[in-house]
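A closer look at the structure
Spelled out from the first residue to the last, the chains are:
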Amino acid sequence: MPASSWRLRSDAWEYLRFAVKRLATDSETADALATDGEVHRNLRALETIELYWAGFGQRYVAAIAELLEAGDYRTALDRIGRVVHRLRHDTVPDEPRDEYLDESERAEFAVDADPRPRFEVLVVDETTAQDRDGLRTELLRLRGPADDFVYDYVVVPSADDAVAAVLTNPNILACVVRPGFSEHTRQRLSRDLQESIRLARAEVVRGTAPARSSLASVQRVLGLADTLAAIRPELDLYLVAGAHIEDLAGALTRRFRRVFRREDQLELHLTLLRRVSHLYDTPFFSAIQDHARRPVGVFHALPVARGGSVVASKWIRDLADFYGLNLLLAETSATSGGLDSLLAPTGAIKKAQDLAARAYGAKHTFFVTNGTSTANKIVHQALMAPNDVVLVDRNCHKSHHHAVMLTGARPAYLEAYPLNDFAFYGAVPIDRIKQLLLDYRAQGRLDEVRMITLTNCTFDGIVYDPERVMAECLAIKPDLVFLWDEAWFAFAAFHPVTRRRTAMAAAKRLEQQLGTTDHAAAHRAQQERLHGADGSPAGDEVWLSERLIPAPDARIRVYATQSTHKTLTALRQGSMIHVYDQDWVRDAEEPFHEAYMTHTSTSPNYQILASLDIGRRQVELEGFELVQRQLDLATSLSQAIARHPLLRRTFRVLTAHDLVPAAHREAGRPMPLRDGLASMWEAWATDEFVVDPSRITIEISRTGVDGDTFKHEHLMDRYGIQVNKTSRNTVLFMTNIGTSRSAIAYLIEVLVKLAERFEEARAQQDPDLLSAAETDMPPLPDFSAFSARYATDGVLPDGDMRAAFFRGQHAVG
Ligand SMILES: Cc1ncc(COP(=O)(O)O)c(C=O)c1O
């Protein structure tokens, strides 16, 4: 259920409306209802689901069931209609029949019509119906016209229900824990949700910051707080306690933003609103808007500023007509008057970057206005010096090769596993990385290896386990720096399952892990197995056969570069660099700033920066919902292809079984999310590589055309569908947070039409003639090593890229 609870919920209400409308408007008898098992099934499902959403709740569903039972279809339809309207984001339902409304329902209607943004606050406590009514009355009393936002409570009795609520309801932005909650749910939850709750509760890194109190009640509260924070770090946690509040405050405040007494309802109310206003705050976007509204004279560069060279022109006024005058009013080269300098930020840009660091779980975040191509060069230049060795995935983006050439570092290229059948590469297995590090150690050159850079996820959606990669590498080289190219993975930080495989979340988990006593003990025990009695390392096979455990004092030095614009809301070229580096101040800050200045324009595009700022607001407030929806839509697309007889004959959706060799996966399911969130959770927690479910690669050999022809002639020219990547026999469909249900429906419709066309063409073809796309694929080329002239020692794979590059340039001439 959690994988698509938003959809299950809206589908169930939509279905009820459809079915009950028939009953209310047509002469069908109540018998029809009795035989319509679907209505009852949906009502039962909604009775559970609605516990986790504010507004209507279980009582509302039960009341509808009673109305249906009593044959009052019209009133039931009105009530169902209200929910459907709210789910569709319509504020005012059609023709509410006033005579059926009681006082509280009238108040609810007023709330529905309120245009202010709404969010939900989870309250975890055992309560009676009377308590819940009291909470709600108090909330309505506190709600004021000057509040910027409106919120409602979702009240659940147990820790299990709290986890279920934050997994299923993305509108929840804050959580109030009261120590009276119980442990287990009394709901009849789907197996998937039960399993997801278990996995979420089992996952928290234990023993990192022991509570000073040994009270069992304090431990329970801590356990729940840690779980909720691990699932949704953007949630604010508050504790409301009665007795012993001072003791609790001392023991618990690390986890909670604040501790309140029960009487402090007003304080809590104000804090909740204030906190959301902090998430909503967009310092740079607001500064740009302010600037656009201010009358300013320009005696500086940029003739388009304030529309100067455009609106008075006879010939180019259509620029302003098309983009709107605001674009020109917002264009400025000023760095004062509320604006800020990207190169040396101290005001609005600095604040916006700090907020982004919070959102992405980084220690520092830097905005980049020339895409990740530049972000990568900045990080390489900041951390590498001539002759340092950097391990680089050979299939990385060209900017890494360029950066290596610029810095004079020596790349040792890593080989990703090939997918010969589909003509592209996968990712680099951990054993190869470890072996290469061990080879450097054996040759006495490990100290030269400074950094490793890997692409996570790959263009085709193959995702590493960065926590594992970093842990095992650090066990061999404890000060190795990691640069994760997350050009395609910015969205992943906003979903509880995908987040764990982002560099920032992995760095944090690893840091927590290294600080535990369990970890120190495991490390000591493993060292005995990895070393002989004389202290020398055991053979490589021993190091390769174990999951290596880094020393507790290994350094966590992690950088991630993201093309925010590729997967989240940002104008093109809007990228970010996220930093989680324990040696930042000592070892990186200054060279980083130098590199940042080198590669950043002195005229960075303000609109890109503003879009990064407001895109950050979006992901903090609705990122989870958007990413979950994206994953669900992609899953429904792959299911539609797999189930439709004609599509199934023509296209094949590639799964983890096709894209990841069996040796690198354990969970065993070909498309884990299709089986439910828990199944995805398990695969993402255990497998060496997983496949990002938001990308769908389909194999098209049976169409008789190659990937390029399919993309240009069939998808784009005929139907206006844009895809980016193809191989000889595959096409990659990417969904993103802007993908809608109707876009998916259109794509399916187009695929059906194309499949019909291909099938017809095939029927007329000579059956003995295989199309080019169906012939066996040649193996992918192997990388030829550095020639002796550029190789460093002829034993290890690194070489002098800079010399090779310039010689290549001049040799051509
Ligand atoms: C893995 C990878 N890194 C970096 C980049 C460059 O990103 P940008 O287009 O933001 O410069 C790309 C672009 O496709 C990429 O695929």
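An unreviewed UniProt entry lists the protein under the name Ornithine decarboxylase, with Leucobacter chromiiresistens as the source organism. Database annotation for the protein, UniProt heading Cofactor (unreviewed entry): "pyridoxal 5'-phosphate".

So, on to the overall build of the protein. When helices and strands are counted, the protein shows 34 helices and 19 strands. For 813 residues, the compact-globule formula gives about 28 Å, and the C-alpha radius of gyration of the protein, at 29 Å, lands near that figure. The principal-axis extent of the C-alpha atoms belonging to the protein is close to 90 × 80 × 70 Å. Looking at the protein as a whole, 55% of its 813 residues are labelled buried. Sequence separation of 24 or more characterises 73% of the internal contacts of the protein that already satisfy a separation of 6 or more.

Neighbouring residues of the ligand: 13 residues in total, closest T372, S373, D485, S563 and H565. One of the side-chain nitrogen or oxygen atoms of S373 is found 2.6 Å away from an oxygen atom of the ligand. Side-chain polar atom of H565 to an oxygen atom of the ligand: 2.8 Å apart, as the coordinates give it. Looking at the shell around the ligand, the elements that each hand over two or more residues are α18 (371-383) and α25 (564-567). Per-element tally for the shell around the ligand: the top contributor is α18, with 4 residues. When its residues are assigned to classes, the shell around the ligand shows 2 nonpolar, 9 polar and 2 charged.

Here we come to the domain arrangement of the protein. Split into domains, the protein comes out as domain 1 (1-103) and domain 2 (617-774). On the domain 2 side, the residues contacting the 7 residues of domain 1 number 9 residues. In total, about 690 Å² of surface goes out of reach between domain 1 and domain 2, with carbon and sulfur atoms giving 55% of it. Seen at the junction of domain 1 and domain 2, the total is 1 salt bridge. The salt bridge partner of R741 is D11, with a shortest N-O separation of 3.3 Å. Where domain 1 touches domain 2, the interface holds 1 residue pair in polar contact (both at pLDDT 80 or more). Counted by class, the side of domain 1 that touches domain 2 contains 3 nonpolar, 2 polar and 2 charged residues.

Burial within strand β18 (residues 695-699) is extensive, with 5 of its 5 residues counted as buried. Alternating positions in β18 separate into two faces, R695, T697 and E699 on one and I696 and I698 on the other, with burial throughout. By the bridge criterion, 2 bridges tie strand β16 (residues 652-653) to β18 in an arrangement that is antiparallel. Note that in β18 the partner of R652 across the bridge is E699. Pairing of β18 with strand β19 (residues 730-734) involves 5 bridges; the strand directions are antiparallel. Bridge pairing in β19 places I696 opposite F733.

For the rest of this paragraph, the subject is helix α32 (residues 707-719). Three- or four-residue spacings in an α-helix give side chains the same orientation, since the helix completes a turn every 3.6 residues. Its 13 residues give α32 an end-to-end C-alpha distance of only 16 Å, which falls more than 12% under 18 Å, the value for a rise of 1.5 Å per residue. Capping the start of α32 is the job of one residue whose side-chain oxygen sits 2.9 Å from the backbone nitrogen of D708: D706. Of the residues one or two after α32, G720 is the one with positive phi, at around 65°.

Taken in spatial order, the 3 strands of this open sheet run β16-β18-β19, and their pairing is antiparallel. Each edge of the sheet is formed by a strand with only one pairing partner; in this case those strands are β16 and β19. Against the sheet, helix α27 (residues 606-643) makes contact with β16 and β18, and its axis sits at roughly 20° relative to β18, the strand it touches most.

Turning to the side chain of S679, a few remarks are in order. If you trace the backbone, S679 turns up in helix α31 (residues 677-686). For S679, the residues in contact, after removing those within four places along its chain, are D192, R669 and P672.

With that settled, the discussion passes to the pairing of strand β14 (residues 557-562). Summarising burial for β14: 6 of the 6 residues are buried, a large majority. Residues R557, Y559 and T561 of β14 are buried on one face, and the alternating residues V558, A560 and Q562, pointing to the opposite face, are buried as well. Pairing of strand β13 (residues 481-485) with β14 involves 4 bridges; the strand directions are parallel. In the sheet register, L483 faces β14, and the bridge partner there is Y559. Examined bridge by bridge, β14 and strand β15 (residues 575-581) share 6 bridges and lie antiparallel to one another. Each residue of the ladder has a partner; that of R557, found in β15, is D581.

As enumerated under the stated definition, the model contains 0 disulfides in all. Free of any disulfide, C396 has its nearest neighbouring cysteine sulfur in C457, separated by 15 Å. On the basis of relative accessible area, C396 is assigned to the buried category, the value being 9%.

Parameters at a glance
- Residues numbered from 1 in each chain as written.
- Predicted model: local features only at pLDDT ≥ 70, side-chain atom pairs only at ≥ 80, totals over all residues.
- Heavy atoms only, no water.
- UniProt positions renumbered as here; feature names shortened; annotations may be inferred.
- Helix = DSSP H or I, 4+ residues; strand = E, 2+ residues; numbered from the N terminus.
- Rg over C-alpha atoms; globule rule 2.2 N^0.38 Å.
- Buried < 20%, exposed > 50% of the residue type's maximum accessible area, 1.4 Å probe, protein only.
- Contact = heavy atoms within 4.5 Å.
- Near = heavy atom within 4 Å.
- Polar contact = N/O pair within 3.5 Å; in protein donor to acceptor, adjacent residues only side chain to side chain.
- Nonpolar A, V, L, I, M, F, W, Y, C, P; charged D, E, K, R; others polar.
- Domains from an automatic or database assignment.
- Buried area = accessible area lost by both parts, 1.4 Å probe.
- Salt bridge = Lys/Arg side-chain N within 4 Å of Asp/Glu carboxyl O.
- Pairing = 2+ DSSP bridges.
- Expected span 1.5 Å × (residues − 1).
- Axes fitted to C-alpha atoms, helices over the stretch in contact; angles between N-to-C directions.
- Disulfide = S-S within 2.5 Å.

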